[in-house]
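# Analysis of the macromolecular model
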Amino acid sequence: MSTKIRLAHSPDADDAFMFYGLAKNKLDTQGIEYEHILKDIQTLNEWAREGRMEVTAISAHAYAYVKDKYAILTHGGSIGKNYGPMIIAKGAVSMDSLKGKKIAIPGKLTSAYLALKLCFPDFQEVLVNFDQIMDEVVKGTVDAGLIIHEGQLTYKEKGLHKIVDLGEWWFEKMGMVLPMGVNAIRRDLPEDVKKKVSRQLKESIQYSLDHREEALDYALAFGRGLSRDVADRFVGMWVNDRTVDMGEEGQNAIREFLKQGEQKKLIPAVGEIEFVN
């Protein structure tokens, strides 16, 4: 008898690359049937508050609100070492000049938003879909934008300027990697199913790294017009050895990131974080 698992993730090149092995039936799933659900990260964070999906990508920030329903898998994480989401603007302005100004954000549960609040708390937030933020900055409807995903590599094409890279800021401040997204698995699944799903998701990531060119061919369809070279760079940023296994480095970074949010009263108390490997 097969077990059906809804696997929710973003419609982005890095997530598509990561789950290529499962999406294209390259792996023996031993009776588990995966249904891939593609939604933007803010929607996935909101769904996770309801416990809607068995396995889902969520922002590391969002774990503070879904810890009663989900545990974090030690693989599938999007973790930046000295790079991460960026604040961009039309001109090369200082962060101080943005005090009290309008900054477009991709969602209040995103890790990018929490990182920005930790770095620079004094601004007016304007909720904008992540793939429209740069356009809003260009139009001048906001003073700056908080960009995630491939925008980190393409903002210059729109004549925009990087004001701060929050991954660089975090690394300089804490000497740690910056956890952006994680894969989470619902706590109420049977233990044997959790272990099997965890192993298969890890195998899918490794399969893509071992078969990079074919996995990249598949991921390009989700790259929103990215060239192969830029898509390859983007995938390399967010799917790598730390994605296969975040290790103590990644787990400690998640603990510290959420602890900083707690101390600034930006998120509720998290307590012990459960990791599944």
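Summary of the structure given here. (Residues numbered from 1 in each chain as written. Predicted model: local features only at pLDDT ≥ 70, side-chain atom pairs only at ≥ 80, totals over all residues. Heavy atoms only, no water.)

### Concerning the packing of helix α5 (residues 111–119) against helix α8 (residues 166–174)
Selection rule: Each axis is a line fitted through C-alpha atoms, and for a helix only the stretch in contact is used; angles between axes span 0 to 180 degrees, taken between their N-to-C directions. Labels follow the DSSP assignment, with helices taken as runs of H or I lasting at least four residues and strands as runs of E lasting at least two, numbered in each case from the N terminus. An angle counts as roughly parallel when it lies under 35 degrees, as roughly antiparallel when it exceeds 145, as roughly perpendicular when it falls between 65 and 115, and as oblique in every other case. By the definition used in this description, the sense in which the near helix is turned from the far one sets the handedness, with an anticlockwise turn below a right angle giving left-handed and a clockwise turn giving right-handed. Only heavy atoms enter the contact rule, under which two residues are in contact if any of them lie within 4.5 Å.
One can describe the packing of α5 onto α8 by two numbers: an axis separation of 10 Å at closest approach and a directional angle of 55 degrees. Accordingly, the angle class assigned to the pair α5 and α8 is oblique. Seen from above, α5 lies across α8 with left-handed handedness. Residues Ala112, Ala115, Leu116, Leu118 and Cys119 of α5 lie in contact with α8, whose contacting residues are Leu166, Trp169 and Trp170.

### Points about the pattern of salt bridges
For clarity, the threshold we go by: Here, a salt bridge means any side-chain nitrogen of Lys or Arg that lies within 4 Å of a carboxyl oxygen of Asp or Glu. Think of it in three bands: residues with accessible area under 20% of the maximum for their type are buried, residues over 50% are exposed, and the middle band is partly exposed, with areas taken using a 1.4 Å probe on protein chains only.
Here the structure, examined in full by the defined rule, presents 19 salt bridges. Among the ionic pairs, Glu125 bridges to Lys108, the shortest N-O distance being 2.9 Å. Of this pair, Glu125 sits in strand β8 (residues 124–127) while Lys108 is found in the loop between β7 (102–105) and α5, placing the two residues 17 residues apart along the sequence. Judged by its relative accessible area of 31%, Glu125 falls in the partly exposed class.

### As for the pairing of strand β3 (residues 55–59)
Note the cut-off: A strand pair is defined by DSSP finding two or more bridges across the two strands.
Counted residue by residue, β3 has five buried out of five residues, so it is predominantly covered. Every second residue of β3 is oriented toward a common face, with Val55, Ala57 and Ser59 on one face and Thr56 and Ile58 on the other, all of them buried. Here two bridges tie strand β1 (residues 3–9) to β3, and the two strands are oriented parallel to one another. Within β3, the residue paired with Leu7 across the bridge is Val55.

### What about empty space enclosed by the protein?
By rolling a water-sized probe across the atoms, one finds the places where empty space is left. Our working definition: Definitions used for this entry: grid spacing 1 Å over protein atoms alone; cavity, a set of points where a 1.4 Å probe fits but cannot get out; pocket, an open set with protein on both sides within 12 Å along at least 5 of 7 lines; lining residue, one with an atom within 4 Å of a point. Grid points are joined across faces, edges and corners, and a volume is the space filled by probe spheres set on the points. Just so you know the grouping, Ala, Val, Leu, Ile, Met, Phe, Trp, Tyr, Cys and Pro go in nonpolar, Asp, Glu, Lys and Arg go in charged, and all remaining residues, Gly too, go in polar.
Tallying each qualifying case throughout the model produces one cavity of 30 Å³ or more. In this structure, the largest cavity encloses a volume near 310 Å³. Contributing to the lining of the largest cavity are 23 residues, with Ile41, Ser78, His149, Met180 and Gly181 lying nearest its centre. Residue assignment for the lining of the largest cavity shows that the elements contributing at least two residues are α1 (13–18), β3, α5, β11 (178–186) and α11 (228–238). A total of four residues in the lining of the largest cavity trace back to one element, the largest contributor, which is β11. Split by residue class, the lining of the largest cavity holds ten nonpolar, ten polar and three charged.

### Regarding the layout of surface pockets
Estimates place the volume of the largest pocket at around 260 Å³. Lining the largest pocket are 17 residues; nearest its centre among them are Asp131, Met134, Glu150, Gly151 and Thr154. Counting only elements with at least two residues in the lining of the largest pocket, the list comes to α6 (133–139) and α7 (151–154). Looking at the lining of the largest pocket, the element that brings in the most residues is α6, giving three residues. Looking at the lining of the largest pocket, its residues break down into seven nonpolar, four polar and six charged.

### Some remarks on the nonpolar core
Proteins that are soluble and globular tend to have nonpolar side chains buried together. As a reminder, the rule being used: Buried residues of nine kinds, namely Ala, Val, Leu, Ile, Met, Phe, Trp, Tyr and Cys, make up a nonpolar core once their side-chain atoms join them within 4.5 Å.
Counting residues in each nonpolar core, the largest one holds 93 residues, and the members touching the most others are Ile87, Leu116, Val197 and Leu201. Aside from chain neighbours lying at most four places away, what touches Leu201 is Leu7, Phe19, Leu22, Tyr34, Val55, Leu73 and His75. Counting eleven residues, the second-largest nonpolar core is a separate cluster that includes Met86, Ala104, Ile133 and Tyr155.

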